[in-house]
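# Descriptive analysis of the structure
This is what each chain is made of:
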Amino acid sequence: MAHQHTTHAPSAVISTAMVQLMHEYTGRGPTQAKTTITDDLVTVVLADTLTKGELALVDAGRSERVLGLRHDYQLLMRDGLIEIVERELERKVIAFTSQNHIDPDLAIETFVLEPVT
């Protein structure tokens, strides 16, 4: 039987790499990730992102602290997240935004790509 070479869609590669990077920083990666690529915009929606400790803080009414912590993580991961998108799409990211939501437990990473000339 011949060996089949499989290539993964850029969106799948980006999703997997982002989950792995987040796992490296937080000790746990999201359980779901979906990347959408349209023209000059890449959006990654991540679900089930919070750690047990963060969930305990949420239960104790400390959601704002968790959102602050998640913002700090995003600042640390920023360069790595941008590198993933630039490497996979071979295009420069000119803007990056990140937002977290507690209930439901979601994160959205948005990348604006330099227009193709």
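Computed from a predicted structure; not experimentally measured.

A few words now on the pattern of salt bridges. Enumeration over the complete set of coordinates arrives at 4 salt bridges. Across the pair Arg28 and Asp48 runs a salt bridge, and its minimum N-O distance is 2.9 Å. Placement of Arg28 in the loop between α1 (10-26) and β1 (32-38) and of Asp48 in the loop between β2 (41-47) and α2 (52-59) is noted, with a sequence separation of 20 residues between them. Residue Arg28 is classed as partly exposed on the basis of its relative accessible area, which comes to 25%. With its nearest N and O atoms 3.5 Å apart, the salt bridge here joins Arg87 to Glu83.

Alignment of β1 against β2, held across 7 bridges, turns out to be antiparallel. Note on β2: the bridge partner recorded for Lys34 is Val45. Remark: 2 residues form the turn of the hairpin made by β1 and β2, two consecutive strands paired antiparallel; Asp39 in that turn has positive phi of roughly 45°.

Looking now at the packing of α2 against helix α3 (residues 63-89). It is at 7 Å that the axes of α2 and α3 come closest, and there the two elements cross at 145°. Here α2 contributes Glu54, Leu57 and Val58 to the contact with α3, which in turn contributes Ser63, Val66, Leu69, Arg70 and Tyr73. Across the contact of α2 with α3, the residue classes break down as 5 nonpolar, 1 polar and 2 charged.

Let us now look at unusual backbone geometry. That bond from Asp103 to Pro104 is cis: its omega, 10°, falls within 30 degrees of zero. With respect to the element layout, Pro104 can be found in the loop between β3 (93-101) and β4 (106-113). Positive phi, normally seen in glycine, also occurs at Asp39, with a value near 45°. Relative to the helices and strands, Asp39 is located in the loop between β1 and β2. The exposure class of Asp39 is exposed, given its relative accessible area of 69%.

Calculation notes
- Residues numbered from 1 in each chain as written.
- Predicted model: local features only at pLDDT ≥ 70, side-chain atom pairs only at ≥ 80, totals over all residues.
- Heavy atoms only, no water.
- Salt bridge = Lys/Arg side-chain N within 4 Å of Asp/Glu carboxyl O.
- Helix = DSSP H or I, 4+ residues; strand = E, 2+ residues; numbered from the N terminus.
- Buried < 20%, exposed > 50% of the residue type's maximum accessible area, 1.4 Å probe, protein only.
- Pairing = 2+ DSSP bridges.
- Axes fitted to C-alpha atoms, helices over the stretch in contact; angles between N-to-C directions.
- Contact = heavy atoms within 4.5 Å.
- Nonpolar A, V, L, I, M, F, W, Y, C, P; charged D, E, K, R; others polar.

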